[in-house]
Amino acid sequence: MPKKQRDNNWRPATVAIHGLGRLPKAHYAVSTPIMQTSNYYFDTAGDVYEFMKAKGEGRVIREHEYGRYGNPTQEECERKLAAVEGAGRAVLFSTGMAAVILTLMTYMRRDGHIIFTSDCYRQTRDFATNFLSKFGIPVSVVDPDARSIDNAIRPETNIIFTESPTNPYLRCLDLPAIVEVAKEHKVMTIIDATLATPYNIKPLEMGVDIVIHSATKYLGGHNDLLAGVSLGSRDLLNDLYRTQRMIGAVPGPLTCFLLERGLKTFALRMEQHNRAGLAIARMLEAHPKIEKVWYPGLESHLDHKIASSQMKGFGSVITFLLKGGDSETRKFIDALELFLITPSLGGSESLVTQMSTMSFFDYPEEYRGEIGMVDNLVRLALGLEDEDDLIADLKQALGKI
Ligand SMILES: Cc1ncc(COP(=O)(O)O)c(C=O)c1O
């Protein structure tokens, strides 16, 4: 039995370390042991019989039988993630995209209709527009705002799926307004809050049904693992839990260990990400070589008011347009010393991408133009280096163009 249950108001830093309370661990280890096993043995054939009988009657006499149905390191990680989000249940997947796709596949219906927003992670957009049509699932892709979502509702709509903030323009949606519309029409709301994290936003407290994170990003936090998680009430996620056990697209025990370990510094890391994000966004906005900056913490951002009303901080992803074209943008990126040229975000190392080549190279040029993927669009994902060093690096690289 846990020594202490959650009968207190622990703050985020404490919950990220202790979850809801102290749980018994093998050998009284402080850190969660990595249970590297694919299956669990029974002593006798009779034990199997008793286990199956109890399971059929809804009793638990021992927990594990086979790796695809659960692993203690994974389950400890899920408990911790649920505590951090304030959710009844967390269901882990091997990547953020596995969490997105398997959550949608669990709750979508052929006679339903899903609303997506146009600015969103590229692979989610591809799944919505190219993949779901193969199964005859009707979808609408609308502007990322509550009114466009409301206008797109049909009698058969059963899911609203969006990100907040969106990737890459960091649009922030009025979640309480979307929830109100969704409840009126009995539609499920699913929010990918990867860029906000549970440190900066709590969509479930605003009435959202399911929150998804690519745990590859801020939750893992060190650019060294891939994972995804869906969170919501225990009852609602029952079906998703079944999908997880059926498909087994789960992170292995070592990844779960690393993810849970990353959570111990989650609140500290987010404080630094938020501080550096705002400081660097302001510096860029004032720089003569920059045309435009997208960062929800800036007053110039379209959704600044919404973001300020529902977020504690704005994270460390900053998107901007350089003055110049392809060659100036490449020159700037190549001159950076601290930023690694790679996709992803939310880790300890700062990253930079020229969006048109890194994420949208295979899209036809006219489509890239349509969605604003111009050659001078750059995305920074700040890491945990000293922000003054990052500012100095950005300024010296901008000085070279
Ligand atoms: C908002 C968002 N959702 C989902 C994903 C997918 O996560 P993963 O790479 O862990 O599959 C990403 C990846 O960048 C993302 O930015």
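Structure: see above.
All of the points below concern the structure found in this document. Quick caveat, the model's predicted, so the values are computed rather than measured. (Residues numbered from 1 in each chain as written. Predicted model: local features only at pLDDT ≥ 70, side-chain atom pairs only at ≥ 80, totals over all residues. Heavy atoms only, no water.)

**A few points about the overall build of the protein chain**
The number of helices and strands found in the protein chain is 16 helices and 12 strands. At 22 Å, the protein chain has a C-alpha radius of gyration in line with the 21 Å of a compact globule built from 401 residues. C-alpha extents for the protein chain along the principal axes are approximately 75 × 50 × 40 Å. For the protein chain, the proportion of contacts with a sequence separation of at least 24, taken over those separated by at least 6, is 72%. When the accessible surface of the protein chain is totalled, it reaches about 18400 Å², and 52% of it is carbon and sulfur. Within the protein chain, one finds 45 positive and 50 negative side-chain charges whose respective centroids are separated by 5 Å. (Helix = DSSP H or I, 4+ residues; strand = E, 2+ residues; numbered from the N terminus. Rg over C-alpha atoms; globule rule 2.2 N^0.38 Å. Contact = heavy atoms within 4.5 Å. Areas by Shrake-Rupley, 256 points an atom, 1.4 Å probe, with all protein chains shown as cover. Lys, Arg positive; Asp, Glu negative; His and termini not counted. Charge placed at Lys NZ, Arg CZ, Asp CG, Glu CD.)

**Focus on the nonpolar core**
Membership of the largest hydrophobic core comes to 81 residues, with the highest contact counts inside it found for Leu81, Leu284, Phe320 and Phe332. Residue contacts for phenylalanine 320: discarding those within four places in its chain leaves Leu284, Ile290, Lys292, Val293, Trp294, Phe332, Asn376, Leu377, Val378 and Leu380. The next biggest cluster of nonpolar side chains, apart from the first, holds 25 residues, and it includes Phe93, Ile190, Ile212 and Leu240. (Core = buried A, V, L, I, M, F, W, Y, C linked by side-chain atoms within 4.5 Å. Buried < 20%, exposed > 50% of the residue type's maximum accessible area, 1.4 Å probe, protein only.)

**Side note on the pattern of salt bridges**
As enumerated under the stated definition, the model contains 12 salt bridges in all. With a closest N to O distance of 2.6 Å, lysine 55 and glutamate 65 form a salt bridge. In this pair, lysine 55 is assigned in helix α2 (residues 45-56) and glutamate 65 in the loop between α2 and α3 (72-85), connecting sequence segments 10 residues apart. Since its relative accessible area comes to 17%, glutamate 65 is described here as buried. Put simply, arginine 154 and glutamate 156 hold a salt bridge, and the shortest N to O gap is 3.6 Å. In this structure arginine 154 comes out as partly exposed when scored by relative accessible area, which is 32%. Here glutamate 156 falls in the partly exposed class, since its relative accessible area comes to 30%. When salt bridges with common partners are traced through the structure, they connect Lys53, Glu57 and Arg59 into a single cluster. (Salt bridge = Lys/Arg side-chain N within 4 Å of Asp/Glu carboxyl O.)

**Topic: the sheet that holds strand β10 (residues 340-341)**
Pairing within the open sheet is mixed, and its five strands lie in the order β8-β9-β12-β11-β10. Looking at which strands have only one partner, the edges of the open sheet turn out to be β8 (290-294) and β10. As paired elements, strand β11 (residues 351-354) and strand β12 (residues 377-381) share four bridges and run antiparallel to each other. Its bridge partner being in β12, threonine 353 is matched across the sheet by arginine 379. Here helix α11 (residues 266-285) sits on the sheet and contacts β8, β9 (317-322) and β12; the angle it forms with β9, its principal contact strand, is near 10°. (Pairing = 2+ DSSP bridges. Axes fitted to C-alpha atoms, helices over the stretch in contact; angles between N-to-C directions.)

**Focus on the sheet that holds strand β5 (residues 188-192)**
Read across the sheet, seven strands follow the order β1-β7-β6-β5-β4-β2-β3 without closing on themselves; strand pairing throughout is mixed. Each edge of the sheet is formed by a strand with only one pairing partner; in this case those strands are β1 (89-93) and β3 (139-142). Pairwise comparison of adjacent strand axes, ignoring direction, gives a mean angle of 20° for this sheet. By the bridge criterion, four bridges tie strand β2 (residues 113-117) to β3 in an arrangement that is parallel. Within β3, the residue paired with phenylalanine 116 across the bridge is valine 141. Its contacts with the sheet place helix α4 (residues 96-107) against β1, β2, β4 (157-163), β5, β6 (210-214) and β7 (228-232), and it is angled at close to 155° to β6.

**Concerning helix α5 (residues 122-131)**
Along α5, the residues classified as buried are Arg122, Thr124, Arg125, Asp126, Phe127 and Ala128. Buried residues in α5 make contact with α4, β2, β3, β4 and α15 (365-370).

**A closer look at a nonpolar patch on the surface**
On the surface, a cluster of nonpolar side chains totalling about 250 Å² of accessible area is made up of Met105, Phe131 and Phe135. Assignment of secondary structure puts methionine 105 in helix α4. (Patch = residues over 30% accessible without salt bridge, like charges linked within 9 Å, V, L, I, M, F, W, Y side chains within 5 Å.)

**Describing the packing of aromatic side chains**
Throughout the structure, instances matching the rule amount to nine aromatic pairs. Taking the centre distance of 5.3 Å and the plane angle of 25° together, the rings of phenylalanine 127 and phenylalanine 131 count as stacked. With phenylalanine 127 and phenylalanine 131 both in helix α5 and four residues apart, this pair spans about one turn of that helix. Taken together, a centroid distance of 5.7 Å and an interplanar angle of 45° make the contact between phenylalanine 131 and phenylalanine 135 tilted. Using a relative accessible area of 33% as the deciding quantity, one classes phenylalanine 131 as partly exposed. Residue phenylalanine 135 is classed as partly exposed on the basis of its relative accessible area, which comes to 40%. Here the aromatic cluster, defined as three or more aromatic residues joined through ring pairs, consists of Phe127, Phe131 and Phe135. The positively charged end of lysine 312 is found above the aromatic ring belonging to tyrosine 199, 4.1 Å away from the centroid. (Phe/Tyr/Trp six-rings, centres within 6.5 Å; stacked < 30°, edge-to-face > 60°. Lys NZ or Arg CZ within 6 Å of the ring centre and 35° of its normal.)

These figures come from the coordinates and say nothing about function on their own.
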